[in-house]
Amino acid sequence: MCHYTHLSLQERDCIATLHAEGRSIAYIAAEIGKDSCSVCHKLKRNARHGRFRACAAQKEGG
């Protein structure tokens, strides 16, 4: 079972950049040192029109 962890704005920025580059969830998770479940959760919750926006995710707390 995966346990959700909060991400910093810097980690969210990294997710946004790597996601825009087309990197896999596993790759992104390894780069930021978080579980792939956390990255997947962020992308599912905060991706709009296929793009993840770190600032919007930070404001929403999601």
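Data block above holds the structure.
Within each chain, residues carry numbers counting from 1 in the order of the written sequence. Where totals are concerned, whole chains, interfaces and linings use all residues; where local detail is concerned, this predicted model gives features only for residues with pLDDT of at least 70, and gives and counts side-chain atom pairs only at 80 or more. Side-chain numbers here rest on the full set of heavy atoms in the structure, without hydrogens or water.

*Asks:* I tried to follow the side chain of Glu11 on my own but got confused; where do I start?
*Replies:* Strands here mean DSSP runs of E at least two residues long; helices mean DSSP runs of H or I at least four residues long; both are numbered from the N terminus. Summarising the element assignment, Glu11 is placed in helix H1 (residues 9–20). Categorising residues by exposure relies on relative accessible area from a 1.4 Å probe, with only protein chains included: less than 20% of the type maximum marks a residue as buried, more than 50% marks it as exposed, and the intermediate range marks it as partly exposed. A relative accessible area of 17% means that Glu11 is categorised as buried. Note on definitions: a residue-residue contact is assigned when non-hydrogen atoms from the two residues lie within 4.5 Å. Dropping the residues within four chain positions of it, Glu11 is found in contact with His6, Ile32 and Lys34.

*Asks:* Help me understand the environment of His6, please; the structure alone is not making it clear to me.
*Replies:* Note that His6 resides in the segment before H1. Sequence separation between His6 and Lys42 is 36 residues, and the spatial gap between their C-alpha atoms is 9.7 Å. Not counting the four nearest positions on each side in its chain, His6 is found in contact with Glu11 and Lys34.

*Asks:* Help me understand the state of the cysteines in this model?
*Replies:* Joining two cysteines, a disulfide is a covalent bond between their sulfur atoms. Sulfur atoms of two cysteines make up a disulfide when they are within 2.5 Å. Across all of its chains, the model carries 0 disulfides by this definition. We note that Cys40 lacks a disulfide partner, and the nearest cysteine sulfur, in Cys37, lies 7.1 Å from it.

*Asks:* Could you clarify how one ought to interpret helix H2 (residues 25–32) in this entry?
*Replies:* In an α-helix, one turn spans 3.6 residues, which is why side chains three or four residues apart end up on the same side. Among all positions of H2, only Ile28, Ala29 and Ile32 are buried. Angular distribution of buried residues about the axis of H2 spans 100°; they occupy a single face of the element. Counted as exposed and oriented over 90 degrees from the buried face of H2: Ala26 and Ala30. Tucked into the core, H2 has its buried residues touching H1 and helix H3 (36–46). Starting at the helix axis, one direction is taken to each C-beta atom, and the arc is that of these directions.

*Asks:* I keep staring at the packing of H2 against H3 and nothing clicks. Help me out?
*Replies:* The relative placement of two packed helices is expressed as an angle between their axes plus a distance between the axes. Angles here are taken between N-to-C directions and fall from 0 to 180 degrees, while the axes themselves are lines fitted to C-alpha atoms, restricted in helices to the stretch in contact. Where H2 contacts H3, the two axes come as close as 8 Å, and the packing angle between them is 115°. Between H2 and H3, the interaxial angle falls into the category roughly perpendicular. In this structure, H2 crosses over H3, and the sense of that crossing is right-handed. Contact residues: Ile25, Ile28, Ala29 and Ile32 in H2; Ser36, Val39, Cys40 and Leu43 in H3. When the residues that make up the contact of H2 with H3 are grouped by side-chain class, the tally is 7 nonpolar, 1 polar and no charged. Roughly parallel here means an angle under 35 degrees, roughly antiparallel means over 145, roughly perpendicular means 65 to 115, and every remaining angle is called oblique. The sense of a crossing depends on the near helix, which, turned anticlockwise from the far helix by less than a right angle, makes the crossing left-handed and, turned clockwise, makes it right-handed. All amino acids are sorted into three groups, where Ala, Val, Leu, Ile, Met, Phe, Trp, Tyr, Cys and Pro are nonpolar, Asp, Glu, Lys and Arg are charged, and the leftover types, Gly among them, are polar.

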